[in-house]
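Chain residues, written in single-letter form:
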Amino acid sequence: MNNRRIEKIGFVISAKTRKTVTVKIERLIMHPIYKKFIRRRSKFLAHDELSCNVGDKVKIVESRPLSARKRWIVKEILHKA
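For clarity, every value in this text was computed on a predicted model and none was experimentally measured.

Draft legend 1. Seen up close, unusual backbone geometry. Despite not being glycine, Lys 19 shows a phi value in the positive range, around 60°. With respect to the helices, strands and loops of the structure, Lys 19 is situated in the loop between strand 1 (7-14) and strand 2 (20-30). Assessed through its relative accessible area of 40%, Lys 19 is described here as partly exposed. Phi is positive for Lys 35, close to 60°, though the residue is something other than glycine. If you trace the backbone, Lys 35 turns up in the loop between strand 2 and strand 3 (37-47).

Draft legend 2. Summary view of the sheet that holds strand 2. Read once around its circumference, the closed barrel built from five strands follows the order 1-2-3-5-4, with strand pairing classed as mixed. Strand-to-strand twist of the sheet, defined as the mean angle between neighbouring strand axes without regard to direction, takes the value 50°. Direction of pairing for strand 1 relative to strand 4 (residues 57-62): antiparallel, over a ladder of five bridges. When the sheet's bridge partners are listed, Phe 11 is paired in strand 4 with Lys 57.

About the criteria used
- Residues numbered from 1 in each chain as written.
- Predicted model: local features only at pLDDT ≥ 70, side-chain atom pairs only at ≥ 80, totals over all residues.
- Heavy atoms only, no water.
- Helix = DSSP H or I, 4+ residues; strand = E, 2+ residues; numbered from the N terminus.
- Buried < 20%, exposed > 50% of the residue type's maximum accessible area, 1.4 Å probe, protein only.
- Pairing = 2+ DSSP bridges.
- Axes fitted to C-alpha atoms, helices over the stretch in contact; angles between N-to-C directions.

As structure tokens, this is what we get:
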């Protein structure tokens, strides 16, 4: 059985709550008709034991549900703001 967890890289946009950060993930998709690239954004709530700040580039991994909307954990800080 494959036990790999999904990893995503994004930027911390909010660190107002205790031990929780909001991470914005941006990805590029191609428009099916016009063939131009469109930037899509997603926001995830992640559990933070590393005390990230706004603007940090972080790697988050999938986990079990920790609260009503929090299903990710900050694995490492790639670049400090």
